[in-house]
Number of protein chains: 2
Amino acid sequence: MDKTLYQLILASQSPRRKELLGYLGVQFSIQPSSLEEKTSKTLPADVVKDLALLKARDIYQQNLSSNLFVIGSDTIVVLDNKILGKPKDREDAYTTLEYLSGKTHEVLSAVSYVFDDQELTFYESTLVSFRELSSIDIKTYLDFNEYADKAGSYGIQGAAQSYIEKVDGNYSNVVGFPLERMITEFEKLFGPNWRERFA
Amino acid sequence: MDKTLYQLILASQSPRRKELLGYLGVQFSIQPSSLEEKTSKTLPADVVKDLALLKARDIYQQNLSSNLFVIGSDTIVVLDNKILGKPKDREDAYTTLEYLSGKTHEVLSAVSYVFDDQELTFYESTLVSFRELSSIDIKTYLDFNEYADKAGSYGIQGAAQSYIEKVDGNYSNVVGFPLERMITEFEKLFGPNWRERFA
């Protein structure tokens, strides 16, 4: 049986994803893709999967060494079929949070594994319900300065917990990517001792 | 209309609850209750509500100043009607995690507000589903040293995210207490400008 030892690379600059991946107990390095986040897809699930794959492929191709295992990922927030990206500024974040107020939105995170001659891409969807937010609520939240660089203008692991009524689905998927599902995929590829392939 | 300005006290030594309460954007101080966690109740929801109330009442009574608003809280993990407390040691944590493996358990957090001549106690229940854990999975998790002092021997905000398939309900309720529900109760008591009562 093939027992290739892979060099694991996370193709993301997100500190949340770095933290999450660290929980697996395997070695990895970080090499963010600087690819512009552009895709010809339009359906939310297709968009997020395509962006995850493009990032992973970008880093895989930049490295000439063999035995690479690259993880790419992307997260989007969707409400009424509209994709909400990262806010441009505080005002933009205010508008987004006002839009999320009192509603349930969907968070999609996709992950791509690119290694050997394989490309494996999957995603999970989690529903997040916000309470009704007053303008004071939104301002109080924005003062924590956690909105920047976050899809949907909030981070579920911080001060936004004040306003989140309910989560339905995988939690780490909202933080950065679906860690539990990633383990399932590692197990499918390498069996129960998958960690040994990244030691 | 009465516009008492309250001095808010958190009767808990949990760093998670301190962090969560900080997200409300109001001033508070911390005064943990050293009360032994004992109750004559047996039903999980009654147990957790009673312990939250006893802690809040303890701190309220220790302070002679008026205008106190004390928050007490307790969290328990329940599976098959069995209450899982904090682990005694690593071995005990191993046994608990093995028990939670592949199953959905319930996390109950109760909160008590004690102020003036009022005692208000409420709780929320959140379902958490764990994946099947191998003994390597459990050992990997225990090596992160996050199990101590946590009901159910895990902290949802850390490395346990590897193993949590699904959350159904309020998330902060699993971290420490149901922050969003607490805001709802503040609003019921003091109206939309409830923050001004703790400024």
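Structure first, text after, so check above.
Everything numeric here is computed off the predicted structure, so don't read it as measured data. (Residues numbered from 1 in each chain as written. Chains lettered and ligands numbered in written order. Predicted model: local features only at pLDDT ≥ 70, side-chain atom pairs only at ≥ 80, totals over all residues. Heavy atoms only, no water.)

Caption draft 1: Local environment of the layout of surface pockets. What the largest pocket holds in volume is close to 640 Å³. Taken together, 35 residues form the lining of the largest pocket, with Arg17(A), Glu37(A), Asp74(A), Thr75(A) and Lys86(A) sitting closest to its centre. Listing elements by their share of the lining of the largest pocket, those giving two or more residues are helix H1 (15–22), helix H2 (44–62), strand E3 (68–79), strand E4 (82–84) and helix H5 (172–175) of chain A. Sort the elements by how many residues they give to the lining of the largest pocket and E3(A) lands first, with five residues. Grouping the amino acids of the lining of the largest pocket by side-chain chemistry returns 16 nonpolar, eleven polar and eight charged. Looking at the second largest pocket, it is lined by 33 residues, and the ones nearest its centre are Arg17(B), Asp74(B), Thr75(B), Lys86(B) and Asp149(B). Those elements that place two or more of their residues in the lining of the second largest pocket are helix H1 (15–22), helix H2 (44–62), strand E3 (68–79), strand E4 (82–84) and helix H5 (172–175) of chain B. A total of five residues in the lining of the second largest pocket trace back to one element, the largest contributor, which is E3(B). Here the lining of the second largest pocket is built from residues that sort into 15 nonpolar, ten polar and eight charged. (1 Å grid on protein atoms, 1.4 Å probe; cavity = no way out; pocket = protein on both sides within 12 Å on 5 of 7 lines; lining within 4 Å. Points joined across faces, edges and corners; volume = space filled by probe spheres on them. Helix = DSSP H or I, 4+ residues; strand = E, 2+ residues; numbered from the N terminus. Nonpolar A, V, L, I, M, F, W, Y, C, P; charged D, E, K, R; others polar.)

Caption draft 2: Summary view of the packing of aromatic side chains. All names here are of chain A. On inspection of all chains with the given rule, the structure shows 35 aromatic pairs over all chains. Among the aromatic residues, ring-to-ring pairing joins Tyr6, Phe69, Tyr113, Phe115, Phe122, Phe186, Phe190, Trp194 and Phe198 into one connected group. If you follow Lys82 out to its NZ or CZ, it ends over the ring of Tyr99, 4.9 Å from the centre. (Phe/Tyr/Trp six-rings, centres within 6.5 Å; stacked < 30°, edge-to-face > 60°. Lys NZ or Arg CZ within 6 Å of the ring centre and 35° of its normal.)

Caption draft 3: Local environment of the pairing of E3(A). All names here are of chain A. Counting buried positions along E3 gives twelve out of twelve residues, so the element sits mostly inside the fold. Two strands pair when backbone bridges link them, and E3 and E4 are joined in this way by three bridges, in the antiparallel orientation. Residue Val77 lies in a different strand from E4, and its bridge partner there is Leu84. Taking the residues between adjacent antiparallel strands as the criterion, E3 and E4 are bridged by two residues, where Asp80 takes a positive phi near 50°. (Buried < 20%, exposed > 50% of the residue type's maximum accessible area, 1.4 Å probe, protein only. Pairing = 2+ DSSP bridges.)

Caption draft 4: Quick look at the packing of helix H3 (residues 90–100) of chain B against helix H4 (residues 135–142) of chain B. Residues and elements named next belong to chain B. At a closest axis distance of 10 Å, the pairing of H3 and H4 adopts a crossing angle of 135°. With respect to each other, H3 and H4 are oriented oblique. Of the two elements, H3 crosses H4, and the hand of that crossing is right-handed. For the pair formed by H3 and H4, the contact residues are Arg90, Ala93, Tyr94, Leu97 and Glu98 on the first element and Ser135, Ile138, Lys139, Tyr141 and Leu142 on the second. Within the contact of H3 with H4, the residues separate by chemical class into six nonpolar, one polar and three charged. (Axes fitted to C-alpha atoms, helices over the stretch in contact; angles between N-to-C directions. Parallel < 35°, antiparallel > 145°, perpendicular 65-115°, else oblique. Left-handed = near helix turned anticlockwise from the far one by under 90°. Contact = heavy atoms within 4.5 Å.)

Caption draft 5: Structural view of the environment of Lys166(A). Mapped onto the secondary structure, Lys166(A) falls in strand E7 (residues 164–169). Assessed through its relative accessible area of 32%, Lys166(A) is described here as partly exposed. Put simply, Lys166(A) and Phe130(A) are 36 residues apart on the chain and 7.3 Å apart in space, counted from C-alpha to C-alpha. Excluding residues within four positions of it along the chain, Lys166(A) makes contact with Leu127(A), Val128(A), Ser129(A), Asp168(B), Gly169(B) and Asn170(B). Within the local environment of Lys166(A), its side chain forms a polar contact with the side chain of Asp168(B), the two groups lying 2.6 Å apart. (Polar contact = N/O pair within 3.5 Å; in protein donor to acceptor, adjacent residues only side chain to side chain.)

Caption draft 6: The arrangement of the environment of Lys103(A) in detail. All names here are of chain A. Mapped onto the elements of the fold, Lys103 is located in the loop between helix H3 (90–100) and strand E5 (104–115). Along the primary structure Lys103 and Glu165 are separated by 62 residues, whereas in three dimensions their C-alpha atoms are 9.9 Å apart. What Lys103 contacts, discounting residues up to four positions off in sequence, is Leu79, Val128, Ser129 and Phe130. A polar contact is formed between the side chain of Lys103 and the backbone oxygen of Tyr99, at a distance of 3.0 Å.

Caption draft 7: Representation of the relation of the copies chain A and chain B. Overlaying chain A with chain B gives an RMSD of 0.0 Å, the required rotation being 180° about an axis along which the chain moves by 0.0 Å. Each copy turns onto its partner about a two-fold axis. The rotation axis passes nearest to the C-alpha of Asp168(A) in chain A, at a distance of 2.4 Å. A shared binding surface is used by both copies, with 100% of the interface residues of chain A retained as interface residues in chain B. (Least-squares fit on C-alpha atoms with pLDDT ≥ 70 in both.)

Caption draft 8: Representation of unusual backbone geometry in the model. In the Ramachandran plot, Asn67(B) falls in the positive-phi region, its phi being about 65° despite a non-glycine side chain. Counting through the fold element by element, Asn67(B) comes out in the loop between H2 and E3.

Caption draft 9: Layout of the interface of chain A and chain B. Between chain A and chain B, the residue contacts involve 35 residues of the former and 35 residues of the latter. Joining chain A to chain B, the criterion identifies eight salt bridges. Close ionic contact of Arg195(A) with Asp137(B) constitutes a salt bridge, the shortest N to O distance being 3.0 Å. Linking chain A with chain B are 21 residue pairs in polar contact (both at pLDDT 80 or more). At the level of secondary structure, the elements contributing two or more residues to the side of chain A that touches chain B comprise H1, helix H4 (135–142), E7, H5 and helix H6 (179–190) of chain A. Within the side of chain A that touches chain B, the residues separate by chemical class into 14 nonpolar, twelve polar and nine charged. Both E7(A) and strand E7 (residues 164–169) of chain B contribute to a ladder of three bridges, which runs antiparallel. Along E7(B), the bridge assignment pairs Gly169(A) with Val167(B). (Salt bridge = Lys/Arg side-chain N within 4 Å of Asp/Glu carboxyl O.)

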